[in-house]
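Given next are the chains, with one letter for each unit.
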Amino acid sequence: MKGIDMNVRDVLSFSPLLPVMVVHDVDNTIKAAQAMFEGGIRAFEITLRTPIALQAIRELRNNLPREAIIGAGTITQAKDLQAAMQAGAQFGVSPGLTAKLTQAIQAEAWPFLPGVASASELMQAMDNGFDTFKLFPAAAIGGVDLLKAWAGPFAHARFCPTGGIHAGNAADYLALKNVLAVGGSWLMPAEKVAQQDWQGIRTLAQAACALKPQTFESK
């Protein structure tokens with residue numbers, strides 16, 4: 001496997017809280033990530049939604065401790081995957097999955113978390129060899145109840161729900177046996193970044209990592 005000697009389940013099990021980060025300022029993103037790392041977060045998803053996202057991935061790889069795992073999110077095309085890998089991203093995340101993107105992922109054998117929003121999408125992705133998925137947008141399509149319902153027919157599938165996850169409901173998701181991690185933006189609030197309140201972000205990370213610690217064990 002290229003990049004890191006891990007699969008995507010290893011990445012999620014290593015860090016069950018996955019900050020979803022939209023980068024508008026590289027320096028502030030580095031400082032926010034450092035604060036979250038000090039609070040216990042170990043994996044980070046940098047979304048490819050802004051022109052400086054790839055630069056942020058490179059800078060985070062250079063500035064965070066080696067224990068930090070930096071991923072790229074909002075990968076929707078093969079060219080996004082290639083750009084993210086070249087920037088040093090160690091895993092990838094997508095809101096969905098297409099045939100062309102599947103081919104590109106399989107060619108690279110790169111840790112990847114494809115998005116699903118229905119049983120049919122999940123079955124198609126499983127047919128293509130995936131076993132771990134981003135449930136998106138989680139809260140809007142059934143959230144905890146949907147994941148409980150899928151636990152029976154899709155017993156071997158594991159999930160990282162994202163979309164509508166926050167400090168008030170993250171523990172409900174993490175308590176499920178088919179959930180390895182949750183993703184969300186609440187760990188890096190825009191107002192705290194704007195105020196450069198790094199201690200506040202560190203405190204949010206610490207609180208998140210204290211959620212249901214028994215659920216952080218292997219499942």
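Quick caveat, the model's predicted, so the values are computed rather than measured.

For the rest of this paragraph, the subject is the sheet that holds strand β8 (residues 158-161). Here three strands make up an open sheet; going across it, the order is β6-β7-β8 and the pairing parallel. Because the sheet does not close on itself, it has two edges, and the strands there are β6 (115-116) and β8. Examined bridge by bridge, strand β7 (residues 132-135) and β8 share four bridges and lie parallel to one another. Bridged to L135 within β8 is P161. Strands β6, β7 and β8 of the sheet are contacted by helix α7 (residues 143-150), whose axis makes an angle of about 150° with β7.

Before going further, it helps to examine the confidence of the model for the protein. When the pLDDT values of the protein are averaged, the result is 93; 94% of them are 70 or greater. In this model, residues 213-219 is a region of pLDDT below 50 whose contacts with residues beyond four sequence positions or in other chains number 12 contacts.

By convention here, two paired aromatic rings are described through the distance between centres and the angle between planes. Using the criterion set out here, one finds four aromatic pairs in the structure. Arranged with centres 5.9 Å apart and planes meeting at 40°, the rings of F133 and F159 form a pair that is tilted. Remark: F159 occurs in strand β8 and F133 occurs in strand β7; sequence separation between them is 26 residues. The exposure class of F133 is buried, given its relative accessible area of 0%. Residue classification places F159 among the buried residues on the basis of a relative accessible area of 0%. Ring centres of W150 and F159 lie 5.6 Å apart, and the angle between their planes is 40°; on these two criteria the pair is classed as tilted.

Calculation rules
Residues numbered from 1 in each chain as written. Predicted model: local features only at pLDDT ≥ 70, side-chain atom pairs only at ≥ 80, totals over all residues. Heavy atoms only, no water. Pairing = 2+ DSSP bridges. Helix = DSSP H or I, 4+ residues; strand = E, 2+ residues; numbered from the N terminus. Contact = heavy atoms within 4.5 Å. Axes fitted to C-alpha atoms, helices over the stretch in contact; angles between N-to-C directions. pLDDT = per-residue confidence, 0-100. Phe/Tyr/Trp six-rings, centres within 6.5 Å; stacked < 30°, edge-to-face > 60°. Buried < 20%, exposed > 50% of the residue type's maximum accessible area, 1.4 Å probe, protein only.

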